[in-house]
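Residues per chain are reported as follows:
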Amino acid sequence: MHSALLEQLTPSQRIAVSHHEGPLLVLAGPGSGKTRVITYRIAALIEAGVRPYNICAITFTNKAAEEMRQRAATLGASGGAHISTFHSLCVRILRRYAAAADIHPSFSIYDTSDQNRCIKRAVKDCHLDGTNFPPARMLNAISTLKNKLIDAEAFQGRAEDFFSRTLSQVYTRYQQILAERNALDFDDLLMKTALLVENDADVGRELSDRFKFLLIDEYQDTNHAQYRLAKALALPHGNICATGDPDQSIYRWRGADIRNIMAFEKDWPEAVVVKLEENFRSTDAILKAADTLIAKNQNRKQKRLVATRTDEGKVVVESHEGEVEEADAVARQVEALLDQKVRPGQIAVFYRVNAMSRALEEAFVRHKVPYQIVRGIEFYNRKEIRDLLAYLKVMANPADEVALVRIINTPARGIGKVTVERAQGFATQHGISLSQALTRADEIATLGKAAQLKLKAFAHMMDRFRSQMEGKVAPLAEKVFTESGLEKSFQGTGQEGQDALENISELINAAAVYDQNAEEPSLIDYLQQISLFSDADAYDASSERVALMTLHAAKGLEFEHVFIIGLEDGLLPHERGSEDDDELEEERRLFFVGVTRAKTNLYLSYAWYRTVRGQFLRTVASPFLFELGPGFMADETEPEDEQDAFGGFGRSQRSTAAPAVPVSAAREPEFAPGQMVRHKTFGVGRVTKYADMGANSVVTVRFNSGQTKSLLLQYAHLSAL
DNA sequence: AAAACATACATTTTT
DNA sequence: TGTATGTTTT
């Protein structure tokens, strides 16, 4: 490593960069220059004589991978090193070793909605009632099993109680369905790869030889399957470098196991551990608040955040009447910043749920502030995009029945539900795929001549497309769009059709970019890559627009000015993520991640009322606001004249809540519809109905949690707000 | 078979 | 609130 480069580093960073052989754990706080350390490490390894070909760096998003490739290139460490996400790495391995993994390399990758169709089918095939065995829950359970590398076969052996045995049946059938369709879901990618590397000695050795140096970023968010895969790959040589921050683990809900990073030193006893506690990103005010906040987590390793910046910054908390006012205030503040010559690309707004972007978007349009909503997968969920992609998917993988059923009558070509079902019946009967059944449509005795002809015509069209699928993707997509009749179906349908056409041309443009960048563009590779696209991948740092994104998508980014909106109890922390302490701590970490993205100023806000799913609800300020340290919530009062006992902020705090008015003592029914009440377990809610029946009065309350309950007044112990 | 309509439903974060 | 499915009409 050039000494000039090394001199830019702190002593700890230098240790992390120059430690070459053997396990290394980098515990890096936010803003500690972790990314720089990783890229320098790659450069240092190459300079020490390691072939780039033998280096494998794993990042959390494709975007991060792309960025790391570029950064490494500027250090002269260009080309050769494999830099990608876990999922992309798995796709590559599975395609390369498809035979050993017992799959076909053209496999489709099924997303959540594809999975849903398959699990529903599986539940049905097992003659189970969808209400007792909700597809979503089954899918969730299967996902958990896959994360633990328990495949359907293994689970069959250990399913003992009734639920497990049923689940086992569904799991087995679900896997059959996927196999018939030559499809893998996200969890399969990890599980199959991990099991392959662990159990197939030849493949394991080959891959360990290939990837002699393993670097894994965001290790705190690895799940068990990723952990096992990484371990299996690194076991022969022990050259594993993991970097991460337990305080930034925010994916527990999808299987991330914080213990992976906590126990790294046990897994690799000879590991060198480097802590990066200095923060080069944020002003002291922001760091103090972040530090105070995260200290409230019980289950954590003590770590300090040491500020190196000495200039002024601020953390402000504001409250607003409703979400419209809140969004407006954000837009106005942004305008003020832009007037001070802050560049829009240096500003970001974070929120807990995607639905909150709407009010912001409207405000930004009103104020004519340039913005980007960082939401990548939404684009791929649009109907027209899914339709066109389904054509391409069927071409790449004719067994993909989910895609096939989607397009067989899109645009309408007179092939109805019954016809499809009969064709499916024929396929099952003859043990062939639906695609194959279509080419033999004239043999389907249950169908009339007209239906047979329509199916044949469709099959012919797909065959024709398939014969042209080699080479570049963009021209192919364009051709299919026109010749399938999709294009025509959108013409003359007004604004909606116009939007659809625009989206399609955006897709084709993106495909052209793929064609240009890929070494060897192919339809299969293209489809597999876009399946792994994430929200965060859509962030365009060079676009000079204010970035609007969820807190999850904000991971790994930094901005001079950060706004976090909707700091309300039930939203942040989210009610579905604060049932137990572990979940609440994760919500706190999520907030921590958001706070520590800010370099100079941090603007936090909440609204007194918020419309959630069409319901106008009274809110309660987030408890997290009180955990930032004293001073932030001092002189907050509700902006509007509020005559009830809900005046000051201090009193809305749970622990010091205003004394409740016992309901039983009230002579007059004081629970007219519209009244806000508090329930001991359900929290704050609004009365929607009141049936006055003396002692047996029933009050119906729609709680902020979204659930509506009818409660017997005398037992409910409601207090008026 | 397809469109129009109605009703139930769930409702975070995402690879 | 919106989606996603089911029902009725054309």
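Residues numbered from 1 in each chain as written. Chains lettered and ligands numbered in written order. Predicted model: local features only at pLDDT ≥ 70, side-chain atom pairs only at ≥ 80, totals over all residues. Heavy atoms only, no water.

Trainee: Can you lay out the overall build of chain A for me, pointing to particular residues and giving the numbers?
Mentor: Broken down by element type, chain A carries 31 helices and 23 strands. The 721 residues of chain A split such that 54% are buried. (Helix = DSSP H or I, 4+ residues; strand = E, 2+ residues; numbered from the N terminus. Buried < 20%, exposed > 50% of the residue type's maximum accessible area, 1.4 Å probe, protein only.)

Trainee: Hey, could you go over the protein's contact with DNA strand C for me, with residue numbers and the actual values?
Mentor: If you check the shell around DNA strand C, you find K120, R358, R613 and G614 and nothing else. Protein-proximal atoms of DNA strand C, defined as those within 4 Å of the protein, fall in sugar or phosphate at a share of 62%. Measuring from a phosphate oxygen of DNA strand C, one finds a side-chain N or O atom of K120 at 3.2 Å. R358 is positioned with one of its side-chain polar atoms (N or O) 3.3 Å from a phosphate oxygen of DNA strand C. Its residues assigned to classes, the surface near DNA strand C shows no nonpolar, 1 polar and 3 charged. (Near = heavy atom within 4 Å. Polar contact = N/O pair within 3.5 Å; in protein donor to acceptor, adjacent residues only side chain to side chain. Nonpolar A, V, L, I, M, F, W, Y, C, P; charged D, E, K, R; others polar.)

Trainee: Can you tell me about the packing of aromatic side chains, naming the residues and giving the values?
Mentor: Using the criterion set out here, one finds 17 aromatic pairs in the structure. Residues F591 and F624 carry aromatic rings whose centres are separated by 5.9 Å and whose planes lie at 10° to one another, so their mutual orientation is stacked. Of the two residues, F591 is situated in helix α29 (residues 581-595) and F624 in the loop between β18 (615-618) and α30 (649-652); the sequence distance between them amounts to 33 residues. F624 shares its class with F591; the two are buried. Ring pairs connect the aromatic residues F60, Y251 and W253, which therefore count as one cluster. When the ring centre of Y53 is taken as reference, the NZ or CZ atom of R210 above it lies at 3.9 Å. (Phe/Tyr/Trp six-rings, centres within 6.5 Å; stacked < 30°, edge-to-face > 60°. Lys NZ or Arg CZ within 6 Å of the ring centre and 35° of its normal.)

Trainee: Explain the sheet that holds strand β16 (residues 598-607) to me, using residue names and the numbers behind them.
Mentor: Reading across the sheet, the 6 strands line up as β11-β16-β15-β12-β14-β13 and stay open at both edges, with parallel pairing between neighbours. Single-partner strands in this sheet number two, and they are β11 (314-320) and β13 (371-373). On average, adjacent strands in this sheet sit at an angle of 20° to one another, irrespective of strand direction. Examined bridge by bridge, strand β12 (residues 347-351) and strand β15 (residues 559-564) share 4 bridges and lie parallel to one another. (Pairing = 2+ DSSP bridges. Axes fitted to C-alpha atoms, helices over the stretch in contact; angles between N-to-C directions.)

Trainee: For the confidence of the model for chain A, give the residues involved together with the corresponding values.
Mentor: Per-residue confidence for chain A gives a mean pLDDT of 87, with 87% of residues at or over 70. No element of chain A has a lower mean pLDDT than α30, which averages 28, and none a higher one than β15, which averages 97. (pLDDT = per-residue confidence, 0-100.)

Trainee: Quick rundown of the protein's contact with DNA strand B? Include the residues and the values.
Mentor: With respect to spatial proximity, 22 residues lie near DNA strand B, and among them H87, R352, N409, S534 and R613 are the closest. Sugar plus phosphate, as a fraction of atoms of DNA strand B within 4 Å of the protein: 52%. At 3.2 Å from a phosphate oxygen of DNA strand B is found a side-chain nitrogen or oxygen belonging to T419. In the environment of DNA strand B, a base oxygen lies 3.1 Å from a nitrogen or oxygen atom belonging to the backbone of R576. Across the surface near DNA strand B, the residue classes break down as 6 nonpolar, 11 polar and 5 charged.

Trainee: I'd like to hear about helix α18 (residues 357-366), residue by residue, with values.
Mentor: Inspection of α18 places S357, A359, L360, A363 and F364 among the buried residues, and these make up the whole buried set. End-on view of α18: buried residues confined to an arc of 160°, all on one side of the axis. Exposed side chains of α18 directed beyond 90 degrees from the buried face belong to R358 and V365. Of the surrounding elements, those touching the buried residues of α18 are α17 (323-339), β12, β13 and β14 (546-550). Positive backbone phi, approximately 55°, marks K368, located one or two places after α18. (Arc of directions from axis to C-beta. Contact = heavy atoms within 4.5 Å.)

Trainee: Help me get a handle on the sheet that holds strand β1 (residues 24-28), residues and values and all.
Mentor: Taken in spatial order, the 6 strands line up as β3-β2-β6-β7-β1-β8 in an open sheet, and their pairing is parallel. The strands lining the two open edges of the sheet, one partner per strand, are β3 (82-85) and β8 (272-276). Between one strand axis and the next, the sheet turns through 15° on average, direction left out of account. Bridge count for strand β6 (residues 213-216) against strand β7 (residues 240-244) is 3 bridges, and the pairing is parallel. From the neighbouring strand, I216 faces β7, where its bridge partner is A242. Helix α3 (residues 34-47) rests against β1, β2 (55-59), β3, β6, β7 and β8 of the sheet, and its axis sits at about 170° to β6. Packing against the sheet, helix α5 (residues 86-96) makes contact with β2, β3 and β6, and its axis sits at approximately 115° to β3.

Trainee: Give me the lowdown on the pairing of β7, citing residues and values where you can.
Mentor: Within β7, 5 of the 5 residues are buried, which leaves the element mostly enclosed by the surrounding structure. Since β6 and β7 lie parallel, the crossover through helix α13 (residues 224-234) that links them has a hand, and here it is right-handed. (Right-handed = clockwise from strand over helix to strand, strands pointing away.)

Trainee: Report on unusual backbone geometry, specifying residues and quantitative values.
Mentor: Note the cis peptide between T410 and P411, where omega equals 0°. Within the fold, P411 resides in the loop between α21 (401-407) and α22 (417-430). Non-glycine residue K368 carries a positive phi angle of around 55°. Turning to its location among the elements, K368 is positioned in the loop between α18 and β13. Among the residues examined, K368 registers a relative accessible area of 73% and is labelled exposed.

Trainee: Tell me about the packing of helix α7 (residues 112-125) against helix α10 (residues 162-180), and name the residues and values.
Mentor: As a packed pair, α7 and α10 sit with axes 9 Å apart at the nearest point and diverge in direction by 125°. When the interaxial angle is binned, α7 and α10 end up oblique. Crossing of α7 over α10 shows right-handed handedness. Contact residues: Q115, C118, I119, R121, A122, V123 and D125 in α7; V170, R173, Y174, I177 and L178 in α10. Of the residues assigned to the contact of α7 with α10, the class counts are 8 nonpolar, 1 polar and 3 charged. (Parallel < 35°, antiparallel > 145°, perpendicular 65-115°, else oblique. Left-handed = near helix turned anticlockwise from the far one by under 90°.)

Trainee: Could you give me a rundown of the pattern of salt bridges, with the residues and numbers involved?
Mentor: For the coordinates displayed, the defined rule picks out 46 salt bridges. For E378, the salt bridge is made with R375, and the minimal N-O distance between the two is 3.3 Å. The exposure class assigned to R375 is partly exposed, which follows from its relative accessible area of 26%. For R588, the salt bridge identified is with E627, shortest N-O distance 2.7 Å. Here E627 lies in the loop between β18 and α30 and R588 lies in helix α29, a separation of 39 residues in the sequence. E627 carries the same exposure label as R588, and that label is buried. Taken together, the shared-partner salt bridges in this structure form one network comprising R121, D125, R173, E180, R181 and E401. (Salt bridge = Lys/Arg side-chain N within 4 Å of Asp/Glu carboxyl O.)

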